[in-house]
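Spelled out, the chains give:
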Amino acid sequence: MTIALALHGGAGTLRRQDMSVEQEREYRVGLERALEAGHAVLRGGGSALDAVCACVCALEDDPLFNAGRGSVYNLDGKQEMEAAVMDGSRQDAGSAVGLACVQNPVLLARAVMEGTPHVTLGYAAAENFARSSGLAMQPPEYFHTDKRWQALILEKERLAMGGAEEDIPEDRKHGTVGAVALDAQGRLAAATSTGGRTAKWPGRIGDTPVIGAGTWADAHCAVSATGHGEYFVRAAAGHEISARVRYLGETLEQACDAVVRGQLLTMGGTGGVAAVDRHGRVALPFNCEGMYRAAIDGEGRRLVAIYADD
Ligand code: ASP
């Protein structure tokens, strides 16, 4: 009975020289906490779906990461969060977009999957459904962090001076949290949650809630992405990784590399993924400076890392 879990807290980290020892320690503690939350579920015989939700809730509640509390701001100075889950054992999925007051967007995505005839719900109707499902709601102050507000101000200044959307600095560029898991019954699941991109247009929807792009799970592998969402959507990145495993017979690592370091990079899309396959193999590739990440693979090997050379 193999169990495995991998998570990311977003690609595009601060550069090593700009990260204080204390900041780095806080990120590692946050990653460890989320890893333990998910792995405890798997060790206790729980489902991959429960494990990825536990992991992502821990990251959403941690203001360091761009999801739930601590989400980035859009051009109007509002937070619009989105999340998705996929249960590979049933090829079932749910997602929610345009959220401003749902404490744990990932739980709403799951409620959409389990409690509606639809895959995706958005905006006021999604929040009404969250309320009627009894999910915890929070006022805007709960989600606010000065760090994300400052990032919006800096980004708006940069754009006003003619800076290209593409050239947003790395640490302001990415963020998203996600987890993938294999449980003792061989089921795979993925969950992803994000505030999106700093200074995004109001109403913009990224790759996270698009099933097959930022979030995917089937009987072969589970994938959660972070990075420049528009590229992950155009590449159908999560599904593409699974298709390469299924149709080309590639290993998970080869498939992830081909998509993240090959296809996406060629298109100009930076970011990375957390992925796990049905054998408990884990892959955490990225094509930028760093990616907050952690895993315990099927052989019990543990990793908590930020930079490429960690
Ligand atoms: N993928 C997310 C988005 O485009 C953001 C990120 O992971 O950096 O909304």
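Computed from a prediction, not measured in an experiment: that's the story for all the values here.

### Describing the site of the ligand
What surrounds the ligand is a group of eleven residues, the closest being G175, T176, R204, D207 and G227. Between G175 and the ligand, the recorded distance is 2.7 Å, taken from a backbone N or O atom to an oxygen atom. Interatomic distance of 2.7 Å between a side-chain N/O atom of R204 and an oxygen atom of the ligand. Tallied by class, the residues present in the shell around the ligand amount to no nonpolar, seven polar and four charged.

### Observations concerning the packing of helix α2 (residues 48–61) against helix α3 (residues 105–115)
At their nearest, the axes of α2 and α3 sit 8 Å apart, and the two run at 150 degrees to each other. For the element pair α2 / α3, the angle class is roughly antiparallel. For the pair α2 and α3, the contacting residues are L49, D50, C53, V56, C57 and E60 in the first and P105, V106, L107, R110, M113 and E114 in the second.

### Points about the sheet that holds strand β11 (residues 290–296)
Reading across from one edge, β4-β3-β2-β6-β5-β1-β11-β12 is the order of the eight strands in this open sheet, with mixed pairing throughout. Two strands bound the open sheet, and with one partner strand each, they are β4 (120–122) and β12 (302–307). On average, each strand axis in the sheet is inclined to that of its neighbour by 5 degrees, with strand direction left out of account. Of the strands in this sheet, β1 (4–11), β2 (81–87), β5 (177–182) and β6 (188–194) are in contact with α2, which crosses β5 at around 160 degrees.

### Remarks on the pattern of salt bridges
Applying the stated criterion to the full structure yields 20 salt bridges. The salt bridge involving D310 is made with R28; its shortest N-O contact spans 3.2 Å. Of this pair, D310 sits in the segment after β12 while R28 is found in helix α1 (residues 21–43), placing the two residues 282 residues apart along the sequence. Under the relative-accessibility criterion, D310 is labelled partly exposed at 39%. Given the relative accessible area of 22%, R28 is considered partly exposed. The salt bridge involving E32 is made with R302; its shortest N-O contact spans 2.8 Å. Placement of the pair is E32 in helix α1 and R302 in strand β12, with a sequence separation of 270 residues. Classification of E32 as partly exposed rests on a relative accessible area of 31%. One salt-bridge network, in which partners are shared between bridges, spans E24, R28 and D310.

### Focus: α1
Relative to the 33 Å expected for 23 residues at 1.5 Å per residue, α1 spans 32 Å between its end C-alpha atoms, a close match to the ideal helical length. Buried residues of α1: E24, Y27, G30, L31, A34, L35, G38, H39 and L42, and no others. On its buried face, α1 sits against β1, α2, α6 (146–160), β5, β11 and β12. Just beyond α1, the residue with positive phi is G45, at close to 85 degrees.

### Things to note about the pairing of β11
A large share of β11 lies buried, amounting to seven of its seven residues. Here β11 shows no split at all, with G290, Y292, A294 and I296 on one side and M291, R293 and A295 on the other all buried. Two elements, β1 and β11, share five bridges in a ladder whose sense is antiparallel. What sits directly across from L5, in β11, is I296. Where β11 hands over to β12, the hairpin turn is made up of five residues, of which G300 adopts a positive phi near 85 degrees.

### Some details on the packing of α1 against α2
Closest axis-to-axis distance for the α1/α2 pair is 8 Å, and the angle between their directions is 160 degrees. One way to sum up the angle between α1 and α2 is to call them roughly antiparallel. Where α1 crosses over α2, the two elements pack in a sense that is right-handed. Of α2, the residues touching α1 (which contributes G30, A34, L35, A37, G38, V41 and L42) are A48, D50, A51, A54, C55, A58 and L59. Residue composition of the contact of α1 with α2, by class: eleven nonpolar, two polar and one charged.

Criteria and thresholds
- Residues numbered from 1 in each chain as written.
- Predicted model: local features only at pLDDT ≥ 70, side-chain atom pairs only at ≥ 80, totals over all residues.
- Heavy atoms only, no water.
- Near = heavy atom within 4 Å.
- Polar contact = N/O pair within 3.5 Å; in protein donor to acceptor, adjacent residues only side chain to side chain.
- Nonpolar A, V, L, I, M, F, W, Y, C, P; charged D, E, K, R; others polar.
- Axes fitted to C-alpha atoms, helices over the stretch in contact; angles between N-to-C directions.
- Helix = DSSP H or I, 4+ residues; strand = E, 2+ residues; numbered from the N terminus.
- Parallel < 35°, antiparallel > 145°, perpendicular 65-115°, else oblique.
- Contact = heavy atoms within 4.5 Å.
- Pairing = 2+ DSSP bridges.
- Salt bridge = Lys/Arg side-chain N within 4 Å of Asp/Glu carboxyl O.
- Buried < 20%, exposed > 50% of the residue type's maximum accessible area, 1.4 Å probe, protein only.
- Expected span 1.5 Å × (residues − 1).
- Left-handed = near helix turned anticlockwise from the far one by under 90°.

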